[in-house]
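The chain contents come next:
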Amino acid sequence: MSADAPPASLRLRIDHEALANNWRTLDRMSGTASAGAAIKADCYGLGIDNCLPTLRDAGARHFFAAHWGEVAAALNHVPAQSIAVLHGPMTREDASFARETGAVPVINSLEQAQRWVDSGGGRCHLMVDTGINRLGIAPSQVGDAAIQSLSVDVLMSHLASADEDSDRNAQQLAAFRSAAQHIEHGSLSLANSAGVALGNGFAFNLTRPGLSLYGGIARPELADAIKQVAYPEAAIIQTRALKAGDRVGYNGEFIAITDMLVGVVSIGYADGFLRCWGNVEGSKGSHFLRCESQLALLGKVSMDMVVVDLSNCPNLREGDWLSVPYSLPYAAQQSGLSQYELLTILGHRFR
């Protein structure tokens, strides 16, 4: 098609100053360590092109992707040697890709270690599993010949319960320190976003924040320091005048008790707005915002639409924009979704 698409009825405002502030805050809280930046899942759903230049310009120099397929987009903004791929070389093709691009593999197993050595070896990072039982070699494998033959730049592990006051944090810290004594390395990295808030004892040389860069509050210590980054907005696509007794949406779960004006809003499942919004026990009832007015969500979320009560803003019309309250701790309470899910399920229809 030669015609340009008309303006979208969804838009996502990224507060770049808040994003930069969040990185600088986490870097400062890391003490003498440097803060890196997790950019996996398209910068937690907010877009590599939107976020990576801001993180880079704020001072981040170490970036962590999950998949090899995420490297190409990052290369548009930062040098390959600053990008680490957490899933490691699962195939010979992965190892070849790492060597051709310069992106750094994170070795997670004896098999990956051997695969990397067989491909020619060179700079890599190494993950040691200290209790999350996810990726990483076991502490008992640190003396294996394949591990000892690696050129390990960053030796890392991952905390399982840093968002809690758990004894597991100290146990993992001790296990990581022990493993580090048996592997030559350039630097050490343990703390994620929540781990940064645990104090300098967990910071070592490099921290790897993710969620809190993008506005997530991983621990109470971060609540006053981390700023909201993502601001979704959706347009009204129709207004309707209901009569008392009219039902709204699938299964007619909302019934108007009086005549009222409602708005049909362009947002739904593919935009990360799921039926769980407004149906969580203990929530205050989901709503949209227009200036200072709350517009209550009525009935079930549909595939691409929701319906809201316009009683507080009766002058709104088709094409007017509403804000989705998306401070992540609040949105998590309202929807029952985790802060991670709220970010990463934002769809691609937002402008």
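The structure reproduced in this document is the subject of the present report. Please read all numbers here as calculations on a predicted model, not as lab measurements. (Residues numbered from 1 in each chain as written. Predicted model: local features only at pLDDT ≥ 70, side-chain atom pairs only at ≥ 80, totals over all residues. Heavy atoms only, no water.)

Thoughts on the overall build of the protein chain
Tallying secondary structure elements over the protein chain gives eleven helices and 18 strands in all. Each of the 351 residues in the protein chain was classed as buried or not, and the buried ones make up 51%. Across the protein chain, every contact between residues at least 6 apart in sequence was considered, and the portion connecting residues at least 24 apart equals 65%. On the protein chain, roughly 16,100 Å² of surface is accessible, and the fraction owed to carbon and sulfur atoms is 48%. The positive charge centre, built from 27 side chains, and the negative charge centre, built from 35, are 3 Å apart in the protein chain. (Helix = DSSP H or I, 4+ residues; strand = E, 2+ residues; numbered from the N terminus. Buried < 20%, exposed > 50% of the residue type's maximum accessible area, 1.4 Å probe, protein only. Contact = heavy atoms within 4.5 Å. Areas by Shrake-Rupley, 256 points an atom, 1.4 Å probe, with all protein chains shown as cover. Lys, Arg positive; Asp, Glu negative; His and termini not counted. Charge placed at Lys NZ, Arg CZ, Asp CG, Glu CD.)

A few points about unusual backbone geometry
In this structure, Phe204 takes a positive phi of about 55° despite not being glycine. Position of Phe204 among the secondary structure elements: in the loop between α9 (193–196) and β10 (206–207). Residues other than glycine seldom take positive phi values, yet Asn251 does so here, at roughly 65°. Looking at where Asn251 falls in the secondary structure, it is placed in the loop between β12 (247–248) and β13 (254–255).

Quick look at the pattern of salt bridges
All chains considered together, the criterion is met by nine salt bridges. A salt bridge links Asp271 to Arg349; the nearest nitrogen and oxygen atoms lie 2.9 Å apart. Taken together, the positions of Asp271 in the loop between β14 (260–265) and β15 (287–290) and Arg349 in the segment after α11 (339–344) put the pair 78 residues apart, joining distant regions of the chain. According to the relative accessible area criterion, Asp271 is buried, its value standing at 2%. Residue classification places Arg349 among the partly exposed residues on the basis of a relative accessible area of 37%. Across the pair Asp304 and Arg349 runs a salt bridge whose closest N-O atoms are separated by 2.9 Å. (Salt bridge = Lys/Arg side-chain N within 4 Å of Asp/Glu carboxyl O.)

Observations concerning the packing of aromatic side chains
Describing an aromatic ring pair means giving the distance of the ring centres and the angle of the ring planes. Applying the stated criterion across every chain, the model contains seven aromatic pairs. Considering the side-chain rings of Tyr44 and Tyr214, the 5.0 Å spacing of their centres and the 25° angle between planes classify their relative orientation as stacked. Of the two residues, Tyr44 sits in helix α2 (residues 40–44) while Tyr214 sits in the loop between β10 and β11 (230–242), which places them 170 residues apart along the sequence. The exposure class assigned to Tyr44 is buried, which follows from its relative accessible area of 7%. Centroid distance Tyr44 to Tyr340: 6.5 Å. Interplanar angle 35°. Geometry classified as tilted. (Phe/Tyr/Trp six-rings, centres within 6.5 Å; stacked < 30°, edge-to-face > 60°.)

Some remarks on the state of the cysteines
A complete count under the given rule lists zero disulfides for this structure. Looking at Cys51, it has no disulfide partner, and the nearest cysteine sulfur is the one in Cys43, 4.7 Å off. A relative accessible area of 0% places Cys51 in the buried class. Left unpaired, Cys313 is separated from the closest cysteine sulfur, that of Cys291, by 6.8 Å. (Disulfide = S-S within 2.5 Å.)

What about the side chain of Ser266?
Relative to the elements of secondary structure, Ser266 occurs in the loop between β14 and β15. Its relative accessible area of 11% is what places Ser266 among the buried residues. Looking at Ser266, its side chain comes within polar contact range of the side chain of Ser9, at 2.7 Å. The residues touching Ser266, leaving out its near neighbours within four places in the chain, are Ser9, Leu10, Ala234, Ala235, Ile237 and Asp304. (Polar contact = N/O pair within 3.5 Å; in protein donor to acceptor, adjacent residues only side chain to side chain.)

Here's the deal with the side chain of Thr130
Tracing the sequence through the fold places Thr130 in the loop between β7 (123–127) and α7 (145–148). Side-chain polar atoms of Thr130 contact the side chain of Ser157, separated by 2.8 Å. Among all residues touching Thr130, those that are not within four sequence positions of it are Ser157, His158, Gln172, Ala175 and Phe176.

Topic: the nonpolar core
Judged by nonpolar contacts, the single largest core of 94 residues is most densely connected at Leu46, Leu55, Tyr214, Ile267 and Phe288. Apart from residues lying up to four places away in sequence, Leu55 is in contact with Leu19, Trp23, Ala37, Ile39, Ala60, Phe63, Leu213 and Tyr214. (Core = buried A, V, L, I, M, F, W, Y, C linked by side-chain atoms within 4.5 Å.)

Brief notes about helix α1 (residues 16–29)
Helix length check: α1 (14 residues) gives 20 Å between terminal C-alpha atoms against 20 Å at 1.5 Å per residue, within 8%. Within the sequence span of α1, burial applies to Ala18, Leu19, Ala20, Asn21, Asn22, Trp23, Thr25 and Leu26. Gly31 occupies a position one or two residues after α1 and carries a positive phi of about 65°. (Expected span 1.5 Å × (residues − 1).)

Quick word on the pairing of β14
Extensive coverage of β14 is indicated by the burial of five of its six residues. Pairing of β11 with β14, which is carried by six bridges, proceeds in the antiparallel orientation. Pairing of Ala241 across the sheet is with Leu261, part of β14. (Pairing = 2+ DSSP bridges.)

With respect to the sheet that holds strand β6 (residues 104–107)
The parallel open sheet is built from seven strands, whose spatial order is β3-β4-β5-β6-β7-β8-β9. Every interior strand has two partners, whereas the edge strands, β3 (37–38) and β9 (187–189), have only one. For strand β5 (residues 83–85) and β6, the ladder comprises two bridges, and the chain directions are parallel. Pairing of Ala84 across the sheet is with Val104, part of β6.

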